[in-house]
Amino acid sequence: MKALRLYGPKDMKVDDIPVPEINDNELLIKIDSCTICGSDFRNIAAGGSAHGMDLPRVMGHEIASTIVKVGENWKDEYEVGEHIIVAAVSPCGKCELCLEGYENQCLDKQATAYNYDGGFAEYMRVPERSIRSGNVLKVSSDKLQQVALSEPLSCAINGQEIAEVKLGDSVLIVGCGPMGLFHIQLAKLNGAKQIIASDFDKNRLEIAKQHGADITFSPQEEDPTEKIKEVTNGLGVNVVIVAVPVPEIVNDALQWVRRRGRINVFGGMPKQRPEATLDLNIIHYNEITITGTSDSTARQLSIAADLISTGRIETDFMISKVVDLEEARDILVAGPQPEHIKIVVKPELSSEASKNKEDAASVK
């Protein structure tokens, strides 16, 4: 099978490797679609994860697939031909945090494309741990290209739950990348009365306006603090969601959030520069809550798949491009581009292209 594997910093190759073997406690899935995540770009640039990663490694964790082989011990629960999505995080299910329902914070968690090979390949082995922890979810929708976006949406759901976005809130979303666009739609579903979005990219601001943002602005053209005061009658917003990897924004957000407001640090910060200086007096006197968000749970993944399958969260407008493994390699090595929102990788396109070349060669 064809597989896109990471060998080192920006060193990726499309390899021909054997289809994975599975044991009686595992599943073999055929990848229909695997979308590219911002963390893929970071890990590929670094040549691996800060959490440790054995190389070469098949990357990709935003997966929608079809079961092609079922281990003997799962034949009463899964069938060949069923569509599934797989949560990125595989919790142990035994530690105190897992037992409290915070599987994404598992003290011994493993993850797709980190501890075992991911979805930038034609086939993927689903380990027993993922299945037993409830992280393999059946989906009824045939729109697997869209359903592959369930994993990133589930992370946004986690962020909004932690930030307690609720009916009547005013919400500022900083950054209109794919996660920011999910947050805009979720805030609307959660009943926010006013959704404000900021970004430097005018095209993304226009997309944000088309899909739920009431007010948009560019920090290059308008002072954020003055703008937010203007549109909130000087009060500030109830919630700020920081969906960009810029540490200083967290301190700026203290000027934008109202008293007793919430700030959610949703975006991961650069490993080399994760620190920010915060005005603790504002936090103290204004009773501000600052939270973080990382990954998601199987429950949130299930909600995300349902929201996409039923059309309550739109995804078609977010898919900028559908590519094979070769083009995916070039995109991942080059780094993120502002014109791309989400890129869908379809591994089978690489095999089809190879077969067409072989057929053409045989004709010659």
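Everything numeric here is computed off the predicted structure, so don't read it as measured data.

K.L.:
Got a minute to help me understand the overall build of the protein chain in this structure?
P.N.:
Counting its regular elements, the protein chain contains 13 helices and 18 strands. Its C-alpha atoms give the protein chain a radius of gyration of 21 Å, near enough to 21 Å, the size a compact globule of 364 residues would have. Oriented by its inertia axes, the alpha-carbon framework of the protein chain measures out at about 70 × 50 × 40 Å. If you take every contact in the protein chain between residues at least 6 apart in sequence, the share linking residues at least 24 apart comes to 70%. Of the roughly 16700 Å² of accessible surface on the protein chain, a fraction of 47% belongs to carbon and sulfur atoms. The protein chain carries 39 positive and 54 negative side-chain charges, and their two centres are separated by 2 Å.

K.L.:
Mind showing me how you'd approach the sheet that holds strand β11 (residues 170-174) here?
P.N.:
Overall, parallel pairing links the 6 strands, which are arranged β13-β12-β11-β14-β15-β16 in an open sheet. Each of the sheet's edge strands pairs with one partner strand only, and the pair in question is β13 (215-217) and β16 (289-292). Shown here is a sheet whose adjacent strand axes are inclined to one another by a mean of 15°, direction ignored. The pairing of strand β14 (residues 237-242) with strand β15 (residues 257-265) spans 5 bridges and is parallel. From the neighbouring strand, Ile-241 faces β15, where its bridge partner is Asn-264. This element, helix α6 (residues 178-189), spans β11, β12 (194-198) and β14 of the sheet and lies at about 170° to β12.

K.L.:
Is there a simple way to explain the pattern of salt bridges in this structure?
P.N.:
Opposite charge on two side chains allows them to pair when their charged atoms are near. Within this structure, the stated rule accounts for 22 salt bridges. When the shortest N-O distance is used, the salt bridge between Glu-248 and Arg-273 registers 2.6 Å. A residue pair is termed long-range when its members are at least 10 positions apart, and Glu-248 in helix α9 (residues 248-253) and Arg-273 in the loop between β15 and α10 (280-286) qualify at 25 residues. For Glu-248, a relative accessible area of 40% puts it in the partly exposed group. Sharing partners across several salt bridges, the network here consists of Lys-166, Asp-169 and Arg-262.

K.L.:
Honestly, empty space enclosed by the protein in this entry has me stumped. Any pointers?
P.N.:
A water-sized probe, rolled over the atoms, reveals where empty space remains. Applying the stated criterion to the full structure yields 1 cavity of 30 Å³ or more. Lining the largest cavity we find Ala-87, Ala-88, Val-89, Asn-135, Glu-151, Ser-154, Asp-295, Ser-296 and Leu-301.

K.L.:
When you look at helix α7 (residues 202-210) in this model, what are you seeing that I'm missing?
P.N.:
Residues spaced three or four apart along an α-helix point in a common direction, a consequence of the helix completing one turn every 3.6 residues. Among the residues of α7, Arg-204, Leu-205, Ile-207 and Ala-208 are the ones counted as buried. Buried residues of α7, seen end-on, are gathered within an arc of 160° and therefore sit on one face of the element. Of the exposed residues in α7, the ones pointing more than 90 degrees away from its buried face are Lys-202 and Gln-210. Check the buried side of α7 and you find it contacts α6, β12 and β13.

K.L.:
When you look at the packing of aromatic side chains in this model, what are you seeing that I'm missing?
P.N.:
Working definition: an aromatic ring pair is given by the centre-to-centre distance plus the angle between the planes. Enumeration according to the criterion identifies 1 aromatic pair in this entry. A cation sits over an aromatic face here: Lys-13 above Tyr-7, 4.6 Å from the ring centre.

The rules behind these values
Residues numbered from 1 in each chain as written. Predicted model: local features only at pLDDT ≥ 70, side-chain atom pairs only at ≥ 80, totals over all residues. Heavy atoms only, no water. Helix = DSSP H or I, 4+ residues; strand = E, 2+ residues; numbered from the N terminus. Rg over C-alpha atoms; globule rule 2.2 N^0.38 Å. Contact = heavy atoms within 4.5 Å. Areas by Shrake-Rupley, 256 points an atom, 1.4 Å probe, with all protein chains shown as cover. Lys, Arg positive; Asp, Glu negative; His and termini not counted. Charge placed at Lys NZ, Arg CZ, Asp CG, Glu CD. Pairing = 2+ DSSP bridges. Axes fitted to C-alpha atoms, helices over the stretch in contact; angles between N-to-C directions. Salt bridge = Lys/Arg side-chain N within 4 Å of Asp/Glu carboxyl O. Buried < 20%, exposed > 50% of the residue type's maximum accessible area, 1.4 Å probe, protein only. 1 Å grid on protein atoms, 1.4 Å probe; cavity = no way out; pocket = protein on both sides within 12 Å on 5 of 7 lines; lining within 4 Å. Points joined across faces, edges and corners; volume = space filled by probe spheres on them. Arc of directions from axis to C-beta. Phe/Tyr/Trp six-rings, centres within 6.5 Å; stacked < 30°, edge-to-face > 60°. Lys NZ or Arg CZ within 6 Å of the ring centre and 35° of its normal.

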